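Observations on the model geometry
Here are the chains, one letter per residue:
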Amino acid sequence: GRLSAPIGCDSGFGQATARHLDAMGFRVFASVLDPQGAGAQELCRSCSPRLTLLQMDLTKPEDIQSVLQYIQAHTNSTGLWGLVNNAGFNDTIADAELSPLGKFRACMEVNFFGSLELTKGLLPLLRSAGGRIVTVSSPAGDLPFPCLAAYGTSKAALSLLMDTFRSELQPWGVKVSLILPGYYKTGTTCDPAFWNLQKQRLVASLPQELLQAYGEDYVEEINRQFIQFMKVAAEDLSAVVNSITDGLLAANPAVRYYPGQGLGLMYFIHRYLPYFVRDLFLKGFFINPKLPRALRREHHDHAKK
């Protein structure tokens, strides 16, 4: 059968897609961060012996190289039909000014450079098969979601990279699709304890003058709203899995897939209405931060005395 390589399968979209493609009879190379983890073990239990688990940390070039060597060695006779770039990393919910530079770098490292390195490495195999590249990006790479700058900018870079690959690889017959999912419960995204810990670390790391200007309660409130928002995220991942599968198998796959609720309206507002309407909508829909401490009336009244 034709081959497929979904990437980033510890949990969420990657795991569900690996399962689905395995059930369809594909030979799946599923990369996981932790082969001993619950997600990886679950994959082993629920999939056929065809599925291969490969340990890979996208921030480690040596991990990527060993995965590339393994896949090259095991696809020589058959070629490689598809690559699914699915790894996504974010651990910061805060204004860009409050997000440490290192957090921007960490997102770029996984979401952009990791996917770039892996895609470049597998391109010779994909070109010879006239195969497919399907990449999970995010609407946060197209729209300025409040408090998602570190994540969003890395996804914006990823989306543009894939658009570039799409036009460059056209002569080779390699088709490239982007998936821009709505709001789904995946991985740590729905674990309030994780986000509370991140919030405490962020507050502890902030320079004193920034903490004064914004206020600790400002960061608390952002975090509270985000956790509230994630509670209503969809649990059924099938729309995303179906989009990824279509990107891999359709005769003419879409350039972009938008699985999930509310995205049509969001993009309509983004394209056709003024910026301030879009920004109001994103705040109403996602996170609407309170006024920073230094701008509040009671703060000014207090300062005047």
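Within any chain, residue numbers begin from 1 and follow the written order of that chain's sequence. Two thresholds apply to this predicted model, a pLDDT of at least 70 for residue-level local features and 80 or more for giving and counting side-chain atom pairs, whereas whole-chain, interface and lining totals are computed over all residues. Side-chain numbers come from the whole structure's heavy atoms, not from hydrogens or water.

- For the chain, an unreviewed UniProt entry supplies the name 11-beta-hydroxysteroid dehydrogenase type 2 and the organism Jacana jacana.
- Quoted verbatim from the Pathway (unreviewed entry) field of UniProt, the annotation for the chain is "Steroid metabolism."
- UniProt positions are given in the numbering used here, feature names are shortened, and annotations may be inferred rather than shown by experiment. Regarding the chain, the relevant UniProt record gives this comment under Sequence similarities (unreviewed entry): "Belongs to the short-chain dehydrogenases/reductases (SDR) family."

**Looking at the pattern of salt bridges**
- Salt bridge, as used here, is a side-chain nitrogen of Lys or Arg placed within 4 Å of a carboxyl oxygen of Asp or Glu. Per the counting criterion, the structure on display carries 13 salt bridges.
- Glu42 serves as the salt-bridge partner of Arg45, at 2.8 Å between the closest nitrogen and oxygen. Taken together, the residues Arg45 and Glu42, both in helix H2 (residues 38-46) and three residues apart, mark about one turn of the helix.
- In this structure, the salt-bridge partner of Asp57 is Lys60, at a minimum N-O distance of 3.8 Å.
- Partly exposed residues are those whose accessible area sits between 20% and 50% of the maximum for their type, while under 20% is buried and over 50% is exposed, using a 1.4 Å probe and protein chains only. Look at Lys60 and you get partly exposed, because its relative accessible area is 38%.
- Each of the salt bridges in this network shares a partner with another, and the network as a whole consists of Asp142, Asp163, Arg166 and Arg256. Strands here mean DSSP runs of E at least two residues long; helices mean DSSP runs of H or I at least four residues long; both are numbered from the N terminus.

**Some details on the nonpolar core**
- As used here, the term nonpolar core means buried Ala, Val, Leu, Ile, Met, Phe, Trp, Tyr and Cys residues forming a set that is joined through side-chain atoms within 4.5 Å. Ranked by size, the top nonpolar core spans 62 residues in total, and within it Leu122, Ile133 and Phe145 carry the most contacts.
- For this core, the elements supplying multiple residues, two or more each, are helix H3 (61-75), helix H4 (101-129), helix H5 (149-169), strand E6 (175-179), helix H6 (192-205), helix H7 (208-214), helix H8 (216-231) and helix H10 (263-272).
- Sort the elements by how many residues they give to this core and H4 lands first, with nine residues.
- Residues are treated as being in contact if the distance between any of their heavy atoms lies within 4.5 Å. Apart from the residues lying within four places of it in its own chain, the contact partners of Phe145 are Pro139, Ala140, Tyr183, Met266, Leu282, Phe285 and Phe286.

**Here's the deal with the packing of H3 against H4**
- Where H3 meets H4, the axes come as close as 10 Å, and the angle between the chain directions of the two elements is 20°. The angle between H3 and H4 falls in the class roughly parallel. The way H3 lies across H4 gives a crossing that is right-handed. When H3 is examined against H4, the residues Pro61, Ile64, Gln65, Leu68, Ile71, Gln72 and Thr75 are found in contact with a partner set consisting of Gly114, Glu117, Leu118, Gly121, Leu122 and Leu125.
- Residues belonging to the contact of H3 with H4 are distributed by class as follows: seven nonpolar, five polar and one charged. Lines are fitted to the C-alpha atoms to define the axes, a helix being fitted only along its stretch in contact, and any angle between axes, read from their N-to-C directions, falls within 0 to 180 degrees. Oblique is the label for every angle not falling under 35 degrees (roughly parallel), over 145 degrees (roughly antiparallel), or within 65 to 115 degrees (roughly perpendicular). Put simply, a crossing is left-handed when the front helix is turned counterclockwise from the back one by less than a right angle, and right-handed when it is turned clockwise. As a working rule, the residues Ala, Val, Leu, Ile, Met, Phe, Trp, Tyr, Cys and Pro are called nonpolar, Asp, Glu, Lys and Arg charged, and the rest polar, with Gly in that last group.

**Thoughts on the packing of aromatic side chains**
- Any two rings among Phe, Tyr and Trp, with Trp reduced to its six-membered ring, count as a pair given centres within 6.5 Å; such a pair is stacked if its planes are under 30 degrees apart, edge-to-face if over 60, and tilted if neither. Considering all chains together, one arrives at 16 aromatic pairs under this definition.
- Each ring, one from Phe194 and one from Trp195, has its centre 4.9 Å from the other, and the planes form 80°; the classification is edge-to-face.
- Aromatic pair Phe281 and Phe285: ring centres 5.9 Å apart, planes at 5°, arrangement stacked. Taken together, the residues span about one helical turn, with Phe281 and Phe285 both in helix H11 (residues 275-285) at a distance of four residues.
- Of the aromatic side chains, those joined through ring pairs into one cluster are Phe145, Tyr183, Phe194, Trp195, Phe226, Phe229, Phe281, Phe285 and Phe286.

**Observations regarding the layout of surface pockets**
- For each structure, a 1 Å grid was placed over the protein atoms alone; sets of points admitting a 1.4 Å probe that cannot get out are labelled cavities, open sets with protein on both sides within 12 Å along at least five of seven lines are labelled pockets, and lining residues have an atom within 4 Å of a point. Grid points are joined across faces, edges and corners, and a volume is the space filled by probe spheres set on the points. Looking at the second largest pocket, its volume works out to about 360 Å³.
- Pro144, Phe145, Pro146, Cys147 and Leu148 are the residues nearest the centre of the second largest pocket, which is lined by 22 residues in total.
- Residue assignment for the lining of the second largest pocket shows that the elements contributing at least two residues are H5 and H11.
- Counting residues per element, the lining of the second largest pocket draws most heavily on H5, at four residues.
- For the lining of the second largest pocket, the per-class residue count stands at 15 nonpolar, three polar and four charged.

**Examining the side chain of Asp22**
- Locating Asp22 in the fold gives a position in helix H1 (residues 12-23).
- Setting aside residues no more than four positions away along its own chain, Asp22 makes contact with Val28, Cys47, Ser48, Arg50 and Leu51.

**Some remarks on the state of the cysteines**
- For the purposes of this analysis, a disulfide is any pair of cysteine sulfur atoms at a distance within 2.5 Å. This model, assessed by the stated rule, comprises zero disulfides.
- The closest cysteine sulfur to the non-disulfide-bonded Cys107 is located on Cys147, 14 Å from its own sulfur.
- For Cys107, a relative accessible area of 1% corresponds to the buried category.

**Considering a nonpolar patch on the surface**
- For patches, a residue must show more than 30% relative accessible area and have no salt bridge; joins then use 9 Å for like charges and 5 Å for nonpolar side chains, namely Val, Leu, Ile, Met, Phe, Trp and Tyr. The protein chains shown are the only cover counted for residues, whose accessible areas, like all others here, come from Shrake-Rupley with a 1.4 Å probe. The grouping of Leu265, Phe268, Tyr272 and Leu273 at the surface amounts to a nonpolar patch, some 430 Å² of accessible area in total.
- Structurally, the position occupied by Leu265 is in helix H10.
- The exposure class assigned to Leu265 is partly exposed, which follows from its relative accessible area of 48%.

**Focus: the packing of H1 against helix H9 (residues 238-249)**
- Put simply, H1 and H9 touch, their axes get as near as 9 Å, and they point 55° apart. Between H1 and H9, the angle falls in the class oblique. Two packed elements cross with a definite hand, and for H1 against H9 that hand is right-handed. Contacts between H1 and H9 involve Phe13, Ala16, Thr17, His20 and Leu21 from the former and Val240, Val241, Asn242, Ile244, Thr245 and Leu248 from the latter.

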